[in-house]
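Residue-level structure breakdown
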Amino acid sequence: MKPFSWSIQTDLDAPAMSNGEADGKQHSDRGVRRPSGLFFYLALLYTVWALVFCHHFSTSVQSDNAAAASPTVLQLKPSAFFRRDPCTGRYVYMYDLPPRFNSDLARGCRRISGSPDVCKDVTNDGFGPPLTGGSLPERGAYDTDQYMLGMIFHARMRRHECLTSDPAAAAAVYVPFYAGLDAAMHLDNADLAVRDALSRDLVDWLAQRPEWRAMGGRDHFLVSGRGTWDFLRRPDADGWGNALMTYPAIRNATFLTTEASPWHGHDFAVPFPSHFHPSSDADVAGWQDRMRRAQRGLLWCFAGGPRGGDMGTVRAQIIEQCGRSSRCSLLGKSAVTKPGHFASGHAMRLLEGAEFCMQPRGDGYTRKSTFDSILAGCIPVFFHPVSAYLQYTWHLPREYQSYSVFIPAGDVGRNGSIEEVLSRIPSEKVARMREQVIRLIPTVMYRDPAAKGVTFKDAVDVALEHVIHRVAKRRRAAAEGREHVDSVDGGDSWKYDLLDDGEKKIGPHEFDQYVY
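Naming follows an unreviewed UniProt entry, where the chain appears as Exostosin GT47 domain-containing protein of Triticum urartu. As recorded by UniProt, the Subcellular location (unreviewed entry) comment attached to the chain reads in full: "Golgi apparatus membrane". In its Sequence similarities (unreviewed entry) section, UniProt records this for the chain: "Belongs to the glycosyltransferase 47 family."

See the structure below:
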């Protein structure tokens, strides 16, 4: 038998035939012609393709149960090859710290000095007890204490959609140490070794971890529920607070705090937690619409009380000037729950009824009321740039005039009229500023950590993006054999924080006169 040939022979290539051969061929052509080799090849190819096509679509419509019953059938959808992992570049590794560094501190809440009610503050993962009534939303409102950020952040990270158990795959490493609760328990302890004990233990524990040694902690971040000033005491010196942020190892990490120092390079301010913790996009949009419709019968207000000392302070001037004005209001005595504390519902009702909300310095430069005001759609008025503009550079616009008013403290101290300054702002500009404030609401609040399917970015999302971006720059520099410097210690540290990506040169700034 002649073997099958893949070659195709045309008439032009065929050899000449004799007359007899030609007659035979003509006779055979009157019957059925034999298919050529090309026909068999194409038929075979078509059959194979048809079988593959039918098999693919028959398996793709099988149910999950049928697939489980036939584990040898591999089902692949074409889109699976092109689907991008949404967590690429966003994975976070979280340490499982010994409980003495977090949960034991929450359980030991009664040890916190000067705050007999703090045990209610640690409930609901740091949100505190639910609030009802007043002007806050019917759901998602809590009596949240300003010092609970460490717990709130931890609760959110435990449910974070991009957690990984592989530190090598992580874009950043989170250390869930409740530094604020630890500091609060020992602020008035004269024994400095006791004040520093847990912070020193944490540093020693981290130093033994291979995750820490990989980059010397440069890819790690911590979150405090207090201001930077509570962690800057030198280990060998007297003074306020503990020494956590002075240890060389910790200085490599990124430290998130509710009030950062303009003169240090590794701490970054994030918003104080306010009282509304939404669980859906609809909750946020509904609240924003409500703030747009709010009737604001007051030009300005102040949600705060007097402090002892010189009556020439900005706070004292605010209270005195507001008390003389029919266009301003202060919190009434009914809002005071104890010295220095106010009922949240009363305060929010006041803030929602005014165009402008005063934000003088508190115990530090910053105030939780700043974020209560933004939540209420009230335009904040600041009297020192360190109260917001040099602090919350990740969460608030660099163009501070777009959402706030700045009145230098010195002008008020010289009996300058706050109301006169505010009255001169055109109504059209006030409307634009208020809309900008309302748009900021999602980015300065801390949502319910159990919320599913939300698309808005809250304060945690914004902070994580910046932490990961900072770590990525440091990681690239390390791969090139150099140290990335995006901030410095000293007088110019705040200027580095205000630079945009790619900018390196610092120079004179409009806030120099207030900071130096």
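**Here's the deal with the pattern of salt bridges**
It is possible for side chains of opposite charge to pair when their charged atoms get near one another. Scanning all chains against the criterion turns up 26 salt bridges. The residue D104 makes a salt bridge to R107 at a minimum N-O spacing of 2.4 Å. Residue D104 and its partner R107 are located together in helix α4 (residues 103–107), separated by three residues, close to a single helical turn. Residue classification places D104 among the partly exposed positions, given a relative accessible area of 32%. By relative accessible area, which is 59% here, R107 ends up exposed. The closest approach of N and O atoms between R414 and D411, which form a salt bridge, is 2.8 Å. A single network of salt bridges, built from pairs that share partners, joins D289, R292, E435 and R439.

**Here's the deal with the state of the cysteines**
In this structure the tally under the stated criterion is four disulfides. Paired through a disulfide, C87 and C162 show a sulfur-sulfur distance of 2.0 Å. Between C87 and C162 the sulfur-sulfur dihedral comes to about -80°; the bridge is accordingly left-handed. With C87 in the loop between α3 (64–69) and β1 (92–94) and C162 in the loop between α6 (149–158) and β2 (172–175), this residue pair connects regions lying 75 residues apart in the sequence. C162 matches C87 in its accessibility class, with the two residues each being buried. Two residues share a disulfide in this structure: C322 and C328, whose sulfurs sit 1.9 Å from each other. Handedness here is read from the sign of the S-S torsion; for C322 and C328, about -100°, the answer is left-handed.

**Brief notes about the side chain of R447**
Checked against the element boundaries, R447 lands in the loop between α16 (427–440) and α17 (459–479). Here R447 sits buried without a salt bridge, and the closest side chain of opposite charge, D458, lies 4.5 Å off (N-O distance). Those residues in contact with R447 that lie beyond four places of it in its chain are F127, R156, H277, P278, V454, F456 and D458.

**Notes on the sheet that holds β2**
On the basis of which strands lie adjacent, the open sheet formed by five strands has the order β1-β2-β3-β4-β5 and parallel pairing. In the strand order of this sheet, the two ends are held by β1 and β5 (267–269), each with one partner. The mean inter-strand angle of the sheet, taken between neighbouring strand axes irrespective of direction, is 30°. With three bridges connecting them, strand β4 (residues 254–257) and β5 associate as parallel partners. Residue pairing across strands places L256 opposite F268, the latter belonging to β5. Contacts from α17 reach β1, β2, β3 (220–223), β4 and β5, with the element oriented near 160° to β4.

**Focus: the sheet that holds strand β12 (residues 405–406)**
Spatially, β7-β6-β10-β11-β12 is the arrangement adopted by the five strands of the open sheet, whose pairing is parallel. Of all the strands in the sheet, just β7 (328–330) and β12 have a single pairing partner and so form its edges. In this structure, strand β10 (residues 354–359) lies alongside strand β11 (residues 379–382), joined through four bridges in parallel fashion. Looking at β11, one finds that Q359 is bridged to F382. Strand contacts of helix α11 (residues 314–323): β6 (298–302), β7 and β10, with the helix running at about 140° to β6, the strand carrying the most contacts.

**Quick word on unusual backbone geometry**
Positive phi, normally seen in glycine, also occurs at N124, with a value near 55°. The topology assignment puts N124 in the loop between α5 (118–121) and α6. Residue D125 is not a glycine yet carries a positive backbone phi of 55°. Here D125 lies in the loop between α5 and α6.

**As for the nonpolar core**
In terms of nonpolar packing, the biggest core is built from 69 residues, with W300, F356, M358 and L422 touching the most fellow members. Other than its neighbours up to four places away in sequence, L422 contacts L299, W300, F356, M358, V381 and V405. Counting residues in each nonpolar core, the second largest holds 64 residues, with L105, V118, F268 and A459 among its members.

**Looking at the environment of I374**
By the secondary structure assignment, I374 is in helix α13 (residues 369–375). By relative accessible area, which is 0% here, I374 ends up buried. Distance from I374 to R434, taken between C-alpha atoms, is 9.0 Å for residues 60 residues apart in sequence. Not counting chain neighbours up to four residues away, the residues in contact with I374 comprise L396, V437, L440, I441 and V444.

Reading guide: rules and limits
- Residues numbered from 1 in each chain as written.
- Predicted model: local features only at pLDDT ≥ 70, side-chain atom pairs only at ≥ 80, totals over all residues.
- Heavy atoms only, no water.
- UniProt positions renumbered as here; feature names shortened; annotations may be inferred.
- Salt bridge = Lys/Arg side-chain N within 4 Å of Asp/Glu carboxyl O.
- Helix = DSSP H or I, 4+ residues; strand = E, 2+ residues; numbered from the N terminus.
- Buried < 20%, exposed > 50% of the residue type's maximum accessible area, 1.4 Å probe, protein only.
- Disulfide = S-S within 2.5 Å.
- Lys, Arg positive; Asp, Glu negative; His and termini not counted.
- Contact = heavy atoms within 4.5 Å.
- Pairing = 2+ DSSP bridges.
- Axes fitted to C-alpha atoms, helices over the stretch in contact; angles between N-to-C directions.
- Core = buried A, V, L, I, M, F, W, Y, C linked by side-chain atoms within 4.5 Å.

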